[in-house]
Amino acid sequence: MAVLPITSHDVQSDYDNAKFRRRSVFKVITQALLTSNVRRNCGSCGIGKLLALLMIAGLAFLTVARTNPGISAASQIVQHINVRGEEKVITEGHGNAESWKRFWRKPPRLPPRLPPHGKVGNNSLAAEVHTQQQVLGSAVRQTKVAEAFRHAWTGYKNYAMGSDELMPLSKRGVDGLGGLGATIVDSLDTAMIMGLNDIVQEAGYWIEKKLPERLNEKGQVNLFETTIRVLGGLLSAYCLSGGDNGTTGDWGSRSRLDGPNPAIYLERAQDLADRLMSAFTSSRTPIPFSDVILRERSAHPAPDGLSSTSEVSSLQLEFWYLSKLSGNPKYGDAAMHVLEHLKTLPKLEGLVPIYISPHSGHFSGQNIRLGSRGDSYYEYLVKVWLQQRGAGHGGSDVSYLREMYDEAIKGVKNRLIQKSIPKGLVFVGELPSGQDGSFYPKMDHLVCFLPGTLALGATRGLTKQRAMEEGLMTIEDIENLKLAEDIMKTCYEMYAVTTTGLAPEIAHFHTQEFYEDGLQGGNKSSEFLDDIIIRYADRHNLLRPETVESLFVLHRITQDPKYLEWGWQIFQAFESHTKVDSGGYTSLNDVTVLPPSRRDKMETFFLGETLKYLYLLFGDSNVLPLDRFVFNTEAHPLPIIGKGVENDHTSQTRAS
């Protein structure tokens, strides 16, 4: 711990109190003697009394000498004493004369030893100690998260290498995402961020040697899932390994990264994207088909003919960045054309239904929610705007995305936000039948992306303090950040209310119109036990990342330490209930009972998102700063183009 200097001002102002002034032992004894009968009867004292006095004086001298090392003739000390703000240096040398001078000189008055929460001047020793303990604690926590990642990877490597996902209880792999080794690509940039070079090598060389044959041999994949997990993972790996700007230090890397030449990642990304482009070219509208046959470079719609709104509107970060890297505009043009088309469609206060038809180009149905099939539409409005708004000459005007985002958030606040009873948790509900239907108090865990998105929209990734100082936040931005913190509290309580400390996939909330008795989370000590309702069919946990994602973003922006503690509690619950001894982590069937039954599935996003966000939560804010990088909806960081260049319609009003 650093020791703060004590100035003359500190001594004179803070401790100018008689009860703190020290007196020497010799002075105490002599004053006592002078006030006794010895002073009055000294003239008549005998030899015995005189010897007694000399003995007392000698003992006093020895006491002072023992407690003051400056009297020792074997040492030389330089002492700094402040006298009225001026520093004087006194050198204590050898010899009895110098020792006797120190014996008779009155010692300088020193300040008292501070209590644990005392202050010196304007600085707090306790605050400094707390900060250092927090840094040390965060480093330990990061190490634990990295160990968890290695445990997850080891299970995958031992039993499922090359498969999309691990079934940790069965100790085998499964291909549920097209057979592209999704866990490998999804995990690679997490290993890079953690500096786990052996895993970076293993994953990197698999991508170099094995992925091309998979692309040539495999059949149907989902456009959205393949884009966010595989294409996004390849592009992020290219960027973080130095392919984009030639140095890993630009994103805060502290170690050299091994693996193949970064160009390999870009080549694989472009090969994959060329095959995925058939989803756009096969559709007669700007809305792409949902399914792609990779080996045939063909595409077709889903069996019901519809695409998810979130899926078609969550491709732009990846395809646009690939265009910037490759110099070929076709990828970005096709993806951005989707958002330009969505801008023209009718909405309910900026809110949109969760299905859209690639045949007609129009929304289908009335169901409006920020959970599954709707979530990342709202996320990408602000993230694509952040990514492209400073693109400069030749870049398209993306201010319409900020307008769409602002309108949508107003719609969320007007239509979807309510408070539970009896304790008043702020939650985001649904409109299953659209404008004419009733409000439904159901909130997917997926909705917990929203606090992080609201915070990014409010400050553009800057800390709240800096954004306020630079005049970038409007009253509405401040309100949105407050809403983000309120919803974040609710997302955390969805974990804390259960017996396991892990959130269910879906929660319902007790309102005046809705209540179901006997469906509580199980944690009797939670004050929100009666606010949150968990139906039997919704009690599973899939190791999802959305809550820890928002904890990471909110901690970066608000710097509130409570988000560190919430994240640590969630991580410990994962460790306690989902870790499989032989390797890997597993999903759960019921988070409300102990021990919870296990589901035998480790989703790729547990390594690609959940553990990555936890690691970053406990880390240095200079690593992947949020004003320079934007994370796709699968947590793959991509650089913000033209950082610092204002190109949005609200820049002038926000700065005023």
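Here the structure is a predicted model, which means the values were calculated and not measured.

What follows covers the side chain of Ser376. Looking at the secondary structure, you find Ser376 in helix α16 (residues 375-388). The residues touching Ser376, leaving out its near neighbours within four places in the chain, are Phe224, Ser310, Ser313, Ser314 and Thr633.

In this fold, Lys210 is placed in the loop between α8 (197-209) and α9 (211-217). Judged by its relative accessible area of 40%, Lys210 is partly exposed. Separated by 29 residues in the primary sequence, Lys210 and Gly181 have C-alpha atoms spaced 9.0 Å apart.

Right, let's talk about the confidence of the model for the protein chain for a bit. Of all residues in the protein chain, 76% attain a pLDDT of 70 or more, and the chain-wide mean is 84. A low-confidence stretch, residues 1-46 (pLDDT under 50), is modelled with 50 contacts involving residues beyond four sequence positions or located in other chains.

In this section: the packing of helix α7 (residues 182-194) against α8. For any two helices packed against each other, the geometry comes down to the angle between their axes and how far apart the axes lie. Put simply, α7 and α8 touch, their axes get as near as 9 Å, and they point 145° apart. Viewed along their axes, α7 and α8 form a crossing whose handedness is left-handed. Where α7 abuts α8, its residues Ile184, Val185, Leu188, Ala191 and Met192 lie against Ile199, Val200, Ala203, Gly204, Trp206 and Ile207.

The next thing to look at is the UniProt feature "active site" (unreviewed entry) in the protein chain. Within the UniProt annotation, "active site" (unreviewed entry) is assigned to Glu225, Asp375, Glu505 and Glu546. Accessibility expressed as a relative area gives 23% for Glu225, which makes it partly exposed. In this structure Glu225 touches Leu177 and Val230, once residues within four positions along its chain are discounted. With respect to the secondary-structure elements, Asp375 resides in helix α16. Residues within four places of Asp375 in sequence aside, it is in contact with Ser310, Leu370, Leu446 and Phe449.

Before going further, it helps to examine the nonpolar core. Within the largest apolar cluster, 168 residues are counted, with the highest numbers of intra-cluster contacts made by Phe319, Leu401 and Met443. When residues in this core are grouped by element, the largest group, eleven residues, is from helix α10 (residues 223-240). In this view, Phe319 contacts Thr227, Leu231, Ala273, Leu276, Met277, Phe280, Tyr331, Gly332 and Ala335; residues no more than four positions away in its chain are not counted.

Before going further, it helps to examine the environment of Ser433. Within the element layout of this structure, Ser433 appears in the loop between β14 (426-428) and β15 (442-444). Taking the C-alpha atoms as reference points, Ser433 and Gly365, separated by 68 residues in sequence, lie 8.1 Å from one another.

It is worth spelling out the sheet that holds strand β7 (residues 220-222) at this point. Taken in spatial order, the three strands make up an open sheet running β7-β8-β9, and their pairing is antiparallel. One side of each edge strand has no neighbouring strand; the edge strands of this open sheet are β7 and β9 (298-300). Geometrically, the sheet is characterised by an average inter-axis angle of 30° between neighbouring strands, direction not taken into account. Judged from the three bridges that link them, β7 and strand β8 (residues 291-293) form a sheet pairing that is antiparallel. Its bridge partner lying in β8, Gln220 is registered against Ile293. Contacts from α10 reach β7 and β8, with the element oriented near 75° to β7.

Quick look at helix α14 (residues 316-326) now. Across the eleven residues that make up α14, a large majority, nine, are buried. What α14 keeps buried is the set Gln316, Leu317, Glu318, Phe319, Trp320, Tyr321, Leu322, Ser323 and Leu325. Once α14 finishes, Gly327 follows within two positions and takes phi at roughly 80°, a positive value.

Rules of the game
- Residues numbered from 1 in each chain as written.
- Predicted model: local features only at pLDDT ≥ 70, side-chain atom pairs only at ≥ 80, totals over all residues.
- Heavy atoms only, no water.
- Helix = DSSP H or I, 4+ residues; strand = E, 2+ residues; numbered from the N terminus.
- Contact = heavy atoms within 4.5 Å.
- Buried < 20%, exposed > 50% of the residue type's maximum accessible area, 1.4 Å probe, protein only.
- pLDDT = per-residue confidence, 0-100.
- Axes fitted to C-alpha atoms, helices over the stretch in contact; angles between N-to-C directions.
- Left-handed = near helix turned anticlockwise from the far one by under 90°.
- UniProt positions renumbered as here; feature names shortened; annotations may be inferred.
- Core = buried A, V, L, I, M, F, W, Y, C linked by side-chain atoms within 4.5 Å.
- Pairing = 2+ DSSP bridges.

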